[in-house]
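One letter stands for each residue in the lines below.
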Amino acid sequence: MKVISLNFLTCAVKSCKSSGAAFPLHPKDAELVQDDIELNAQMLLNILPRLDWAALRTNATELGFPELPAELPTREALEADEKKLKDLHHLLVETQIMEGKLVCRNCGHEYAIREGIANFLLPSHLV
Amino acid sequence: MTAGTAETSSSSSFDPETYESTHVHSVYEAIAPHFSSTRHKPWPLVADFLASLPPGSVGLDVGCGNGKYLAVNPSLWLMGSDRSANLVSLARENDGRGRRRQRLNEVTVADSLALPYRASSADFAISIAVLHHLSTRSRRRAAVRAILDCLRPGSGEDGRNGEGKAMLYVWALEQGSSRRGWDEDASQDQLVPWVTKAGTGKTHKESDSRKPENDTTWHRYYHLYRKGELEEDVQAVGGVVLHSGYEKDNWWAICTRGLEM
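Keep in mind the model is a prediction, meaning the values are calculated, not measured.

Caption draft 1: Seen up close, the environment of A:Gly20. Along the chain, A:Gly20 turns up in the loop between helix 1 (3-6) and strand 1 (26-34). Counting along the chain gives 85 residues from A:Gly20 to A:Arg105, while the straight-line C-alpha distance between them is 9.2 Å.

Structure representation (structure tokens):
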């Protein structure tokens, strides 16, 4: 599971959907793996405005990455500074959580990640 | 085989979750490798839909099975989910041509009625041959709504700018020319056999009657959609159908989430 995907995931429990505390989920005991993936600048520049930047900042810090700026840099700024774009590529696309958990801060449920795959099936008492 | 117990049963003991667990989830867990080995080629209209999206579009494949659509357009950020952990494991590495993919796919194990996605965040979604495995109409409609809820609402004067789109595909009742021969008069709730041949890892044609003793026959539940039924379900939960049609024994629809309810 890549860091970018964390930005689109939330708790699967119905009653958590309307709670701000359920997003983002928080990684716990995360084992990270770094892949070597070619940067697709066009694709990444188009994805960035679709992210919830505040949630990404939270997750990046939780995973031990340097603090991100308060606001998403503009497209022009990123086009002019390849290093900035590459750093984001590294965080979002090249970094995977292979093992660990994702925790919902609303209900406290922990979803396991094994071999890079998170399991969101709920125990019957949470369905 | 007609699945008389699904929906048409008036028995109060019918529990759709238990029924689907037996007649859908367990079957896919068991047949996953065989099933996957027969599913490589993307359906053309689905591939066209994925190819039509701008680079960097973020989307979902709800019920991704073995993941054959996840790598069709590598400039999309497409996240797959499926109820079957065994299929999800296969989907992680599927490059869409039956080979192992270099860049692993993004996949999670999730139930289509309890999707783990942030609301209003996806540019697109596909759900191909999935809704027909839900055994009551209210569950099929709830699954449509759950997918639509993930889509971005439109903006701008007409409310259509950047609006997320979902493509849904379901098996049709009207398939008189297929080898199964169902038509308008057939029961809409069917248990469809899947035969795994002992030892070889290969499947028989499902209609093969010369079945040796050691083969295992599994029965998957399907709801076969009548003409217009998929569109009705989308509209019943507030969605808007942009296009719809019939292709090779399936009904399909492309829809949006509709105005906020």
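Right, picking up where we left off after that structure.
Caption draft 2: Main features of the interface of chain A and chain B. On the chain B side, the residues contacting the 32 residues of chain A number 30 residues. Both sides together, the interface formed by chain A and chain B hides about 2500 Å², and carbon and sulfur atoms give 62% of it. With a closest N to O distance of 2.5 Å, A:Arg50 and B:Asp123 form a salt bridge. At the surface where chain A touches chain B, the tally comes to 13 residue pairs in polar contact (both at pLDDT 80 or more). Taken together, the elements giving at least two residues each to the side of chain A that touches chain B come down to helix 1, helix 2 (41-47), strand 2 (95-103) and strand 4 (117-119) of chain A.

Caption draft 3: Molecular detail of the pattern of salt bridges. Following the criterion strictly, the structure yields 18 salt bridges over all chains and no others. Between A:Glu62 and A:Arg105 there is a salt bridge, with the nearest N and O atoms lying 3.9 Å from each other. Within this pair, whereas A:Glu62 is found in helix 3 (residues 53-62), its partner A:Arg105 is found in the loop between strand 2 and strand 3 (110-114), the two being separated by 43 residues in sequence. For A:Arg105, a relative accessible area of 57% gives the class exposed. A salt bridge links B:Glu17 to B:Arg139, with the nearest nitrogen and oxygen atoms 4.0 Å apart. Placement of B:Glu17 in helix 1 (residues 16-37) and of B:Arg139 in helix 4 (residues 137-150) is noted, with a sequence separation of 122 residues between them. With a relative accessible area of 43%, B:Glu17 lands in the partly exposed category.

Caption draft 4: Examining the sheet that holds strand 5 (residues 165-171) of chain B more closely. Ordered in space as 1(A)-2(A)-3(A)-4(A)-3(B)-2(B)-1(B)-4(B)-5(B)-9(B)-8(B), the 11 strands form an open sheet in which the pairing is mixed. The open sheet has two edge strands, strand 1 of chain A together with strand 8 (240-247) of chain B, and neither has a second partner. Neighbour-to-neighbour, the strand axes of the sheet open up by a mean angle of 20°, direction not taken into account. Pairing between strand 1 (residues 58-62) of chain B and strand 4 (residues 124-128) of chain B: 3 bridges, direction parallel. Bridge pairing in strand 4 of chain B places B:Asp61 opposite B:Ile126. Across the sheet, helix 3 (residues 85-93) of chain B lies against strand 2 and strand 4 of chain A together with strand 2 (77-82) and strand 3 (106-109) of chain B, angled at about 175° from strand 3 of chain B, the strand it touches most. Along the sheet, helix 4 of chain B contacts strand 1, strand 4, strand 5 and strand 9 (250-256) of chain B; its crossing angle with strand 5 of chain B, the most-contacted strand, is approximately 160°.

Caption draft 5: Fine view of the domain arrangement of chain B. Residue and element names in this part refer to chain B. Domains assigned within chain B are domain 1 (16-177 + 222-256) and domain 2 (193-221). Domain 1 and domain 2 are separated by 27 Å when their C-alpha centres are compared. Contacts between the two partners involve 18 residues from domain 1 and, on the opposite side, 8 residues from domain 2. Buried area between domain 1 and domain 2, summed over both chains or domains, comes out near 1200 Å², and the portion from carbon and sulfur atoms is 64%.

How each quantity is defined
- Counting restarts for each chain, with residues numbered from 1 along the sequence as it is written.
- Key to labels: chains lettered from A, ligands numbered from 1, both in the order written.
- Thresholds applied to this predicted model are a pLDDT of at least 70 for local features of residues and 80 or more for the giving and counting of side-chain atom pairs; totals over whole chains, interfaces and linings are not thresholded and use all residues.
- Side-chain measures here rest on the full set of heavy atoms in the structure, leaving out hydrogens and waters.
- Under the DSSP-based scheme used, a helix requires at least four consecutive residues in state H or I and a strand at least two consecutive residues in state E, with every element numbered from the N terminus.
- Every residue pair with non-hydrogen atoms within 4.5 Å of one another is taken to be in contact.
- Summed over both partners, the accessible area lost on bringing two parts together, with a 1.4 Å probe, is the buried area.
- Salt bridge criterion: a side-chain nitrogen from Lys or Arg within 4 Å of a carboxyl oxygen from Asp or Glu.
- What qualifies as a polar contact is a pair of N or O atoms within 3.5 Å, subject to a donor-acceptor requirement within protein and to the restriction that residues adjacent in sequence count only when both atoms come from side chains.
- Each residue's exposure class comes from its accessible area (1.4 Å probe, protein chains only) as a fraction of the maximum for that residue type: buried when under 20%, exposed when over 50%, partly exposed otherwise.
- Any two strands are treated as partners once DSSP identifies two or more bridges connecting them.
- Between N-to-C directions, angles span 0 to 180 degrees; the directions come from axes that are lines fitted to C-alpha atoms, helices contributing only their stretch in contact.
- An automatic or database domain assignment is the source of the domain bounds shown.

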